[in-house]
Amino acid sequence: MKRGFYIGRFQPYHNGHQSVLEHIAKHVDEIIIGVGSAQLSHNVANPFTSGERVLMITRALSSLDCPFYVIPIEDIQRNALWVAHVRSMTPPFDTCYSSNPLVVQLFKESGVDVQSPAMYERELLSGTEIRRRMLAGEPWKELVPRAVVQVLDEIEGTARLCQIARDD
Ligand code: ATP
Ligand code: MG
């Protein structure tokens, strides 16, 4: 049983994440998706709760042909211990898929096999760009899976982001 691990903040989950996971699904028997900075929500860089992000990911991957687990992972303020923290929260895995330089470094130091998937349309497909567009009232829905649009509509995600970005 080969399991692959993929972690992000998914604020929000977008088509770049979806493309990477569809790629990983071809190479492993099961996927573990870590929802990082799980404790953060309701701020401009991290508007959505870990539960809302779990919903986005689970619904967007409902027809993925590979079993997956979605596991919230809170930050610890000690990078040197972070991989052990992740491992304590997840099923065992063989390979970490990440292009994030810190994540790559920490897993390599722990002796975990690391693969860095290619970036898909990085200028457009980034959480930062999607949050910017939401705040600016620009189109963003084509950058995320349809299921994520539904979740964000249900939780009134754009209105929340705009509200918490206002000055008092
Ligand atoms: P933010 O701008 O908020 O940091 P992000 O788009 O980088 O959002 P993260 O949740 O930080 O999304 O990323 C999770 C993982 O997905 C990271 O390893 C990141 O490199 C990867 N990733 C993000 N965007 C893409 C993309 N367009 N194509 C492939 N991988 C991506
Ligand atoms: Mg990022």
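These lines cover the structure that appears in this document, whether it is placed above or below. Quick caveat: nothing in here was measured; it's all calculated off a predicted structure. Throughout, residues of each chain are indexed from 1 in the direction in which the sequence is written. Labels are handed out in written order, letters beginning with A for the chains and numbers beginning with 1 for the ligands. Where totals are concerned, whole chains, interfaces and linings use all residues; where local detail is concerned, this predicted model gives features only for residues with pLDDT of at least 70, and gives and counts side-chain atom pairs only at 80 or more. Excluding hydrogens and water, the side-chain values take into account all heavy atoms of the structure.

### A closer look at the sheet that holds strand β1 (residues 3–8)
A pair of strands is treated as paired once DSSP finds two or more bridges between them. The helix count covers DSSP runs of H or I at least four residues long, the strand count covers runs of E at least two residues long, and both are numbered beginning at the N terminus. Pairing in this open sheet of 5 strands is parallel, and the strands run β3-β2-β1-β4-β5 from one edge to the other. Single-partner strands in this sheet number two, and they are β3 (68–72) and β5 (113–115). With direction set aside, neighbouring strand axes in the sheet form an average angle of 25°. In this structure, strand β4 (residues 95–97) lies alongside β5, joined through 3 bridges in parallel fashion. Within β5, the residue paired with C96 across the bridge is V114. Here, residues are in contact when the closest pair of their heavy atoms is within 4.5 Å. Axes here refer to lines fitted to C-alpha atoms; in helices the fit is confined to the stretch in contact. Angles between the N-to-C directions go from 0 to 180 degrees. In this fold helix α1 (residues 15–24) packs onto β1, β2 (30–35) and β4, with an angle of close to 170° to the strand it touches most, β1.

### Section: the site of ligand 1
The full set close to ligand 1 counts 20 residues, and Y6, Y120, R122, G127 and T128 are the nearest of them. Polar contacts, as used here, are pairs of N or O atoms within 3.5 Å; protein pairs need one atom able to donate a hydrogen and one able to accept it. Residues neighboring in sequence count only if both atoms are side-chain atoms. Taking F10, its main chain carries an N or O atom lying 2.9 Å from an oxygen atom of ligand 1. In this structure, an oxygen atom belonging to ligand 1 sits 2.8 Å away from a side-chain N or O atom of H14. Accessible surface area values rest on a Shrake-Rupley calculation with a 1.4 Å probe, where residue burial reflects the displayed protein chains alone. Taking 590 Å² as the accessible area of ligand 1 by itself, protein coverage stands at 89%. Within the residue set of the shell around ligand 1, elements represented by two or more residues are β1, α1 and α5 (127–136). What makes a residue near a molecule or strand is one non-hydrogen atom of that residue sitting within 4 Å of it.

### Some details on the environment of G4
In this structure, G4 sits in strand β1. For the pair G4 and F93, spaced 89 residues apart in sequence, the C-alpha to C-alpha distance is 5.7 Å. When neighbours within four sequence positions are excluded, G4 is seen to be in contact with V28, E30, I31, I32, T95 and Y97.

### Some thoughts on the nonpolar core
Core analysis: the biggest nonpolar cluster contains 32 residues, and Y13, L21, I24, I31, I33 and I57 have the highest contact counts within it. Broken down by element, the residue count for this core peaks at 5 residues, all from helix α6 (residues 146–154). When near neighbours in sequence (up to four residues on either side) are disregarded, I57 contacts F10, Y13, I33, V35 and V70. Core analysis: the second largest hydrophobic core is formed by 16 residues, F93, C96, V112 and V114 among them. Buried Ala, Val, Leu, Ile, Met, Phe, Trp, Tyr and Cys residues form a nonpolar core when they are joined through side-chain atoms within 4.5 Å. When accessible area is computed with a 1.4 Å probe and restricted to protein chains, residues below 20% of their type maximum are described as buried, those above 50% as exposed, and intermediate ones as partly exposed.

### Description of unusual backbone geometry
Cis rather than trans, the peptide bond between Q11 and P12 has omega equal to 0°. With respect to the element layout, P12 can be found in the loop between β1 and α1. Here S37, not a glycine, exhibits a phi torsion of approximately 45°, which is positive. Within the secondary structure, S37 sits in the loop between β2 and α2 (50–60). Overall, S37 belongs to the buried group, its relative accessible area being 10%. The phi angle at H42 is positive, at roughly 55°, despite the residue not being glycine. Along the chain, H42 turns up in the loop between β2 and α2. On the accessibility criterion, H42 (44% relative accessible area) is partly exposed.

Function cannot be inferred from these measures alone, as they are strictly geometric.
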